[in-house]
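Working through the structure, step by step
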Amino acid sequence: GTLKALTQTHIASAEAGVVIKVFVNEGDSVKLGQELLQIDNRKMLAEQSRLEAELALAQAKHALAQAEFNLAEDDYIAYKHSANKNAISEQRLRQSKTAALSGQANVIAAHEAIKALQAQLNIAEVRLDDMTIKAPFNGQITQRVAEPGQWLGAGDNALTLTSQGNLEAWLDVPERFAHIMTSVPS
């Protein structure tokens, strides 16, 4: 029969880029979550900074839109009271109502812009995290394919990791004895 590792995986890159550092060699034992390889992430860091700046600007625009809406709404309420006393024209009241509704729409648009930028920022953070390849389980590096300076495409194999704990035993058993064979729990 033969013994083989219960788990073996080819660790691939989720993001394309140039390998800047490989932290392990063949034969190294690694722990779950340990950093194995780093892909150049400078462009993604710049993109993250740009998105953070856009988010701050969008939040400021939201605060301005909210203040303008509050002012327009207060004006409309005041004009409504004045209109009840026939102190202003219906046209001025309608203009005030339109300004309040427009202000409300601007607040909603600014809020949605913030949500869109937050979603883009979340994606950038995930992509940044994917540029550091980490061990998916405890094991031993059995093959190192990637080297510093090498271009890895998304999905390209970088390393092979083999589990070190449980083993599978494969035995050739005559068919007449197969009915008495049972697997032994780990």
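A few points on the structure. (Residues numbered from 1 in each chain as written. Predicted model: local features only at pLDDT ≥ 70, side-chain atom pairs only at ≥ 80, totals over all residues. Heavy atoms only, no water.)

The next subject is the side chain of glutamate 15. For glutamate 15, the location among the structural elements is in the loop between strand 2 (8–12) and strand 3 (17–22). Judged by its relative accessible area of 11%, glutamate 15 is buried. Among the polar contacts listed, one links the side chain of glutamate 15 to the side chain of arginine 127, at a separation of 2.8 Å. (Helix = DSSP H or I, 4+ residues; strand = E, 2+ residues; numbered from the N terminus. Buried < 20%, exposed > 50% of the residue type's maximum accessible area, 1.4 Å probe, protein only. Polar contact = N/O pair within 3.5 Å; in protein donor to acceptor, adjacent residues only side chain to side chain.)

What follows is about the packing of helix 1 (residues 42–84) against helix 2 (residues 90–130). Where helix 1 contacts helix 2, the axes come no closer than 7 Å and their chain directions differ by 160 degrees. One element, helix 1, and the other, helix 2, form an angle in the roughly antiparallel class. Helix 2 is crossed by helix 1, and the crossing has left-handed handedness. Class assignment of the residues belonging to the contact of helix 1 with helix 2 gives a composition of 21 nonpolar, 11 polar and 10 charged. (Axes fitted to C-alpha atoms, helices over the stretch in contact; angles between N-to-C directions. Parallel < 35°, antiparallel > 145°, perpendicular 65-115°, else oblique. Left-handed = near helix turned anticlockwise from the far one by under 90°. Nonpolar A, V, L, I, M, F, W, Y, C, P; charged D, E, K, R; others polar.)

The volume enclosed by the second largest pocket comes to roughly 180 Å³. Lining the second largest pocket we find Ala16, Gly17, Val18, Ile39, Asp40, Asn41, Arg42, Lys43, Met44, Met131 and Trp151. Contributing elements (two or more residues each) for the lining of the second largest pocket: strand 3 and helix 1. No other element matches the three residues that helix 1 contributes to the lining of the second largest pocket. Residue composition of the lining of the second largest pocket, grouped by class: six nonpolar, two polar and three charged. (1 Å grid on protein atoms, 1.4 Å probe; cavity = no way out; pocket = protein on both sides within 12 Å on 5 of 7 lines; lining within 4 Å. Points joined across faces, edges and corners; volume = space filled by probe spheres on them.)

As a further point, take the nonpolar core. If you look at the biggest cluster of nonpolar residues, it comprises 27 residues, and the most contacted ones within it are Leu36 and Leu37. Sorting the residues of this core by element identifies strand 3, strand 5 (35–39), helix 1, helix 2 and strand 9 (157–162) as the ones contributing at least two each. For this core, the element with the most residues is helix 2, which contributes five residues. Those residues in contact with leucine 36, other than ones at most four positions away along the chain, are Ile11, Val22, Phe23, Val24, Val30, Ile133, Lys134, Ala135, Ile141 and Leu159. Counting residues in each nonpolar core, the second largest holds five residues, with Ala72, Tyr76, Ala83 and Ala100 among its members. (Core = buried A, V, L, I, M, F, W, Y, C linked by side-chain atoms within 4.5 Å. Contact = heavy atoms within 4.5 Å.)

For helix 1, which comprises 43 residues, the first-to-last C-alpha distance of 63 Å matches the rise-based estimate of 63 Å (1.5 Å per residue) to within 8%. Where helix 1 is concerned, the buried positions are Met44, Gln48, Leu51, Leu55, Ala58, Ala65, Phe69, Ala72, Tyr76 and Ala83. For helix 1, the secondary structure elements touched by its buried residues are helix 2. Looking one or two residues beyond helix 1, the residue adopting positive phi is asparagine 86, at roughly 55 degrees. (Expected span 1.5 Å × (residues − 1).)

Quick look at the pairing of strand 5 now. Among the five residues of strand 5, four are classified as buried, and the element is accordingly described as predominantly covered. Across three bridges, strand 3 lies against strand 5 in antiparallel orientation. Within strand 5, the residue paired with valine 19 across the bridge is isoleucine 39. Where strand 5 and strand 6 (residues 132–134) come together, three bridges link them in antiparallel fashion. (Pairing = 2+ DSSP bridges.)

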